[in-house]
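Below, each chain spelled out in residue letters.
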Amino acid sequence: MLCILLAGAISTQVLASAVSASIQAVTVTGKVTDDTGAPLPGVNVLEKGTTNGAVTDADGRYSLRLSSGQAVLVYSFVGMISQNIVVGTQTEINVQMAGDASTLSEVIVVGYGTQEKKDVTGAMTSVKSEEFNRGIINSPEQLVQGKVAGVNVTSASGEPGGTLAITIRGPGGVRTGSTPLFVVDGLALDNSSTGGSTNPLNFINPQDIESVDVLKDASATAIYGSRGANGVVLITTKRGKSGRSSVTYSGSVGISKMARPIDVFSADEYRKQVTSLGGTLVDGGANTDWQKEISRTAITKNHNIALSGGADKLSYYASLGMMNQDGIIKNSNMKRYNGRINVTQKLLNDRLSVDLNLSASSTTNTRPPSEGNNGASITILGSALTANPTLPAYDSTGAPYKYANGLNPLRALQLWEDVTTITRIVGNISPSFEIVKGLVYKLNYGIDNSNSVRDQVSFPSLIPAQDGYLITNYKYNNNNLIENYLTYTATQGDHNFSVLAGHSYQKFFIQERSYSINKFAISNIDPRYNPGLGQDLTLTNNKPTGTAVKNELQSFFGRVNYAFKDKYLLTATVRADGSSKFGANNKYGTFPSFSLGWRLTEEDFMKSLPVSNLKVRAGWGRTGNQEIPPKYTQALFTSQIAAGSTYPLDNSNVYPAGTTYVRLANPNLQWEVSTQTNVGIDFGFLGGALTGSVDYFDKVSSNILLEVFPADPIQPASTTWTNVKNMKIKNKGLEVALHYQYRGANTFSFNVGGNATFIHNKVTGSPYSVIASGTAVGSGITGTTVNGYINGSPIGTFFMRQFIGIDESGNAVYTDLDGDGNITDKDRVKLGSALPTVLYNFNAGVGFKGFDLTANFNGVSGNKIFNNTANANFYKNNIANGVNTTPEAVQYPTESVTNPKPVSSRYLENGAFLRLNNLTLGYNFSPSKFGLDRWISALRLSVTGQNLFVITKYTGYDPEVNTDRSTFTSSSAGTTSLGIDYLSYPKARTILFGLNVTF
């Protein structure tokens, strides 16, 4: 018995000694390598449950002092599978980390399906929601501005809800409407306007978007055939997850001010200049900053609530949102109310899956009198820039001062109203059924309906004297899509393949109507609410107008994806499109593509190299373009009673109704074709911490569709459409994208990345010396060609007189190319292009504990901007006549006040810029520290600065600008206008405060 007790005491002492040793502090050293045995620098080694940690050095070694031997070490590295190891009595722990295949198995959206990133052979980029730009965002394009190499997003103005221009790998056509195809949850949208001068994509709440995938080369876009020539943007909205329910509120308040007012003369400078030039000074004794008077500190409020979750067979996502954005110019505003519900239901032992997506939105835009308002007699910006700064803004009662001669810009705001209301419902249902193992049938039926009403009111007034009028435009857009396709996927040994075959039918119907009425009496009743108060309604002045067009697309498409040993990849697609826009001779077009990929990292000879991913890609394909007005291949007739259209049947002066040709049939009009070759490489180093890609592309558009003046004198139409057979538009370029992500000890992390695109555009084979695109506007210069399409030069090449100075007589001197002593159109010179040759973007982020700071920059170089605002307003004769200008108008002391101001390089400026697009500082609270984790799972506060600064030599409001000054503006599709600035709505500088709470 004594022996037993003694043995027990000894055992207890030994156990106590072991426990005591385990809880004593211990230092652990070791080395971390990858699965090839190479050392891994930068691996985060953390004592679990604490902030105590270390990072491996260049040789993969580390040393860490721990609180006890009971500690658990967590080894983590980007692109590697994390490991947890109990220390125990070990003082040296060597770890070999394996690559995390999930980083290569990221699923991205492609046309009619998804694909693992490692298997992609085309040029495409996926941007997830956590990577989106921050700030006041109205449409999806702004979310990815600067995020994707080869994609150029230009906001035409800073107006709330204003239009955006987006090109992928350069413009490939001549006419307008050459934007990418947008596909939202499988529903291809119509790129036409839904009403007013607004962005048709404003109906999508950016908070609902999960990812944006950009398909850039023809091997990726050819599956969309005739609509993929300008690239494809796939927008995927959020969905719920089974077994996880949450309610999320996100809200923000933004404060915006005009970022860069134009430097016009102050009141004192104005007095000095008018007097020195011998002008008659009208001095009101004030010192008015008219740009400040018409602008304001604008407030933007945004509130969104999202519910998501699901059970075993059902998942859902629903949201409600409200946005109210005041513009920095008074009387401008955008209000948007939107709702969305996405549901996925699985049935029949998961063989049947039904996806339902439905969104509804109501958007109201209010605009001040500006360029683009139909019938607006004054532009508020032009009025403010040129108004006499010595005149007072308000009278003794605080109302805008009423001038007998001239118009107070504030009074112009009172006398004009432009309101557009758009309601839009977009939805689609997509059931899919697995017929047999690997064979899935899918139906996709979608509807996109929008209705808009635009009212433009000029109110009656005594000072200034005007009768007033009301113009009302109605627009209805309907888009119906039905698709049926089969997908078969199988694996046999080393062979993996997927085959897709399908049919698509899409119909578009667009109708517009316009009415007007004149001469309203002065009253407190808005003419919008009682048009019957108008006193002038005649067919001469108020003839109703309207149009209705229908366009249909029928398509057959197929795709094969094949992989051998997960190393060698092949993708081949073909699509045959038939469009009602073309005549019977050329109704169908066929658009094939193929691409190859080689995953070198799967080869045995690469296993010993410190490369986590290396893939070479090459592809070729053809896509089409049918973005021309409908019915232009058909003859058009009209019936009217007029001396020029009919003749009397007897000797009287009575003209019966006559039917005449307005347009001749054009059945030979064909598809425009874009052929593109792409060679690229994707790579990853440091276990996936450093990733990137390089792509070279060569895109050639041929059989160019162009609206021209007919050569045949008996053609009844003033313009006609044709294919310019030998004309080509070429885009060649190089895209580079890099990203590095580091996770260190103590929850410290940072990332840095960026992309650059070097692109060269050229027009060849044009039978015309110049195809005019952009034209000028202003007294004496309206209609003058500014830029165009010239052989051997890029699209948007500026073609004008070259200003070289002022002569002794005070007149401008221009380059005399032909030396005949006269400056004519023959002396116009090519002076650069509106297209940038370099697009660059970079971003950086850092995180520590709950804090994070991210910054996004974007810029362009190699482009020019024609400052039409300056050409039309800022010249010496104006200031001599009491019209305010900028100092540039009087930079030449010897210049005569009567010197003409033709379109010339005097007003052509460098358009390069670098912008801090957004800067965000955020803090993620830990709800458990406040005892709120039972109710709140996440809480975040943030502050974002948007457009904080821009570095540029451009003297206008902003260098990222494009006023639509296209030719053939009476047509529904003219030539593309680029790089012209005329009284564009200024951009804002914004500070945004945000709150996100998840329950």
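Thresholds, definitions, all that
Residues numbered from 1 in each chain as written. Predicted model: local features only at pLDDT ≥ 70, side-chain atom pairs only at ≥ 80, totals over all residues. Heavy atoms only, no water. Helix = DSSP H or I, 4+ residues; strand = E, 2+ residues; numbered from the N terminus. Rg over C-alpha atoms; globule rule 2.2 N^0.38 Å. Contact = heavy atoms within 4.5 Å. Areas by Shrake-Rupley, 256 points an atom, 1.4 Å probe, with all protein chains shown as cover. pLDDT = per-residue confidence, 0-100. Buried < 20%, exposed > 50% of the residue type's maximum accessible area, 1.4 Å probe, protein only. Pairing = 2+ DSSP bridges. Salt bridge = Lys/Arg side-chain N within 4 Å of Asp/Glu carboxyl O. Phe/Tyr/Trp six-rings, centres within 6.5 Å; stacked < 30°, edge-to-face > 60°. Lys NZ or Arg CZ within 6 Å of the ring centre and 35° of its normal. Lys, Arg positive; Asp, Glu negative; His and termini not counted. Polar contact = N/O pair within 3.5 Å; in protein donor to acceptor, adjacent residues only side chain to side chain. Core = buried A, V, L, I, M, F, W, Y, C linked by side-chain atoms within 4.5 Å. Axes fitted to C-alpha atoms, helices over the stretch in contact; angles between N-to-C directions. 1 Å grid on protein atoms, 1.4 Å probe; cavity = no way out; pocket = protein on both sides within 12 Å on 5 of 7 lines; lining within 4 Å. Points joined across faces, edges and corners; volume = space filled by probe spheres on them. Nonpolar A, V, L, I, M, F, W, Y, C, P; charged D, E, K, R; others polar.

1. Concerning the overall build of the protein
Part 1: Each helix and strand counted, the protein has 10 helices and 49 strands in total.
Part 2: Computed over its C-alpha atoms, the radius of gyration of the protein comes to 33 Å, within 12% of the 30 Å expected for a compact globule of 999 residues.
Part 3: Expressed along its principal axes, the backbone C-alpha trace of the protein runs to roughly 140 × 70 × 65 Å.
Part 4: Nonlocal contacts in the protein, meaning residues at least 24 apart in sequence, comprise 70% of its contacts between residues at least 6 apart.
Part 5: Counting only carbon and sulfur atoms, one obtains 57% of the accessible surface of the protein, whose full area is about 43,700 Å².

2. What to know about the confidence of the model for the protein
Part 1: On average, residues of the protein score 87 in pLDDT, and 92% of them reach the 70 mark or higher.
Part 2: Within the model, pLDDT remains below 50 along residues 1-23, and this stretch shows six contacts once partners closer than five positions in the same chain are excluded.
Part 3: Counting contacts from residues 968-973, a segment whose pLDDT is below 50, to residues more than four positions away or on other chains yields 13 contacts.

3. Brief notes about helix H4 (residues 267-276)
Part 1: Taken residue by residue, H4 has Ala267, Tyr270, Arg271, Gln273 and Val274 as its buried positions.
Part 2: Looking at the buried residues of H4, the elements they touch are helix H10 (876-880).
Part 3: In the segment just after H4, Gly278 is the residue with positive phi, at about 80°.

4. Re the pairing of strand S32 (residues 672-685)
Residues in a regular strand project their side chains so that they alternate between the two faces of the sheet.
Part 1: As paired elements, strand S29 (residues 611-625) and S32 share 14 bridges and run antiparallel to each other. In the strand pairing of S32, Gly619 is matched with Asn678.
Part 2: As paired strands, S32 and strand S33 (residues 690-708) are joined by 13 bridges and run antiparallel to one another. The residue bridging Ser674 from the neighbouring strand is Ser701, located in S33.
Part 3: Turn length for the S32-S33 hairpin, with the two strands adjacent in sequence and antiparallel, is four residues, and the turn residue Leu686 shows positive phi of about 55°.

5. Overview of the pattern of salt bridges
Part 1: Under the criterion given, the structure shown has 29 salt bridges.
Part 2: Linking Arg367 and Glu159 is a salt bridge whose minimum nitrogen-to-oxygen distance equals 2.6 Å. Of this pair, Arg367 sits in strand S21 (residues 352-367) while Glu159 sits in the loop between strand S11 (151-155) and strand S12 (164-168); the two residues are 208 residues apart in sequence, bridging distant segments of the chain. Like Arg367, the residue Glu159 is buried in the burial classification.
Part 3: Residues Arg906 and Glu895 are paired through a salt bridge, measuring 2.9 Å at the closest nitrogen-oxygen approach.

6. A closer look at the packing of aromatic side chains
Geometry of an aromatic ring pair is reported as the spacing of the ring centres plus the angle between the planes.
Part 1: Enumeration over the complete set of coordinates arrives at 26 aromatic pairs.
Part 2: One cation-aromatic arrangement involves Arg801 over Tyr814; the distance from NZ or CZ to the ring centre is 5.7 Å.

7. Quick word on the side chain of Asp455
Part 1: Residue position: Asp455 is located in strand S23 (residues 439-458).
Part 2: This buried residue, Asp455, is left without a salt bridge; Arg528 holds the nearest opposite charge, at 4.2 Å.
Part 3: Polar contacts involving the side chain of Asp455 include one to the side chain of Thr472, which spans 2.8 Å.
Part 4: Residues within four places of Asp455 in sequence aside, it is in contact with Glu417, Asp418, Val419, Leu470, Ile471, Thr472 and Arg528.

8. Describing the nonpolar core
Part 1: Counting 54 residues, the largest nonpolar core has Trp290, Ile294, Ile329, Val786 and Phe866 as the members making the most contacts within it.
Part 2: No other element matches the four residues that helix H6 (residues 380-386) contributes to this core.
Part 3: Beyond its immediate stretch of four places on either side in the chain, Phe866 contacts Ala776, Val786, Phe798, Met800, Asn871, Val903, Ser904, Tyr907, Leu908, Gly979, Ile980 and Asp981.
Part 4: Within the second largest apolar cluster, 24 residues are counted, among which are Val144, Ile166, Val233 and Leu481.

9. So, the sheet that holds strand S6 (residues 83-86)
Part 1: Strands sit in the order S3-S2-S5-S6 across an open sheet of four strands; the sheet is antiparallel. Whereas interior strands pair on both sides, the edge strands pair on one side only; in this sheet they are strand S3 (53-55) and S6. Strand after strand, the sheet turns through a mean of 20° between neighbouring axes, direction not considered.

10. Things to note about the sheet that holds strand S4 (residues 61-66)
Part 1: Here we have three strands laid out as an open sheet, ordered S4-S1-S7, and mixed in their pairing. Edge strands, defined here as strands with exactly one partner in the open sheet, are S4 and strand S7 (95-96).
Part 2: Inspection of the sheet shows strand S1 (residues 26-33) paired to S7 by two bridges, in the parallel sense. The partner of Val32 across the bridge, within S7, is Val95.

11. Some words on unusual backbone geometry
Part 1: Looking along the chain, the bond that leaves Ile463 and enters Pro464 is cis, with omega of -5°.
Part 2: Here Pro464 shows up in the loop between S23 and strand S24 (469-492).
Part 3: Phi is positive for Arg169, which is not a glycine, with a value near 60°.
Part 4: The phi dihedral of Lys519 falls on the positive side, at around 60°, and the residue is not glycine.
Part 5: Relative to the elements of secondary structure, Lys519 occurs in the loop between strand S25 (495-518) and helix H8 (539-542).
Part 6: Assessed through its relative accessible area of 38%, Lys519 is described here as partly exposed.

12. A few points about the environment of Gln891
Part 1: Relative to the assigned elements, Gln891 resides in the loop between H10 and strand S45 (908-910).
Part 2: For Gln891, a relative accessible area of 45% gives the class partly exposed.
Part 3: Sequence-wise, Gln891 and Ala360 are 531 residues apart; in three dimensions their C-alpha atoms are separated by 54 Å.

13. Overview of the side chain of Arg915
Part 1: Its location among the elements puts Arg915 in strand S46 (residues 913-925).
Part 2: According to the relative accessible area criterion, Arg915 is buried, its value standing at 4%.
Part 3: Of note is the side chain of Arg915, whose polar atom sits 2.7 Å from the side chain of Asp958.
Part 4: Contact partners of Arg915, with chain neighbours within four places excluded, come to Asn856, Phe857, Asn858, Asn947, Phe949, Val950, Asp958, Glu960 and Lys987.

14. Regarding empty space enclosed by the protein
Part 1: The final tally for this structure, using the stated rule, is 16 cavities of 30 Å³ or more.
Part 2: By volume, the largest cavity is sized at about 530 Å³.
Part 3: Lining the largest cavity are 36 residues, and of these Ile136, Gln142, Ser155, Gly158 and Gln946 sit closest to its centre.
Part 4: Residue classes in the lining of the largest cavity are distributed as nine nonpolar, 21 polar and six charged.
Part 5: Counted as a void, the second largest cavity has a volume near 130 Å³.

15. Observations concerning the environment of Lys732
Part 1: Assignment of secondary structure puts Lys732 in strand S34 (residues 720-743).
Part 2: Placed 36 residues apart in sequence, Lys732 and Tyr696 show a C-alpha to C-alpha distance of 7.7 Å.
Part 3: Sequence-distant contacts of Lys732, that is, excluding residues within four places in its chain, are made with Tyr696, Phe697, Asp698, Phe758, Ile759 and His760.

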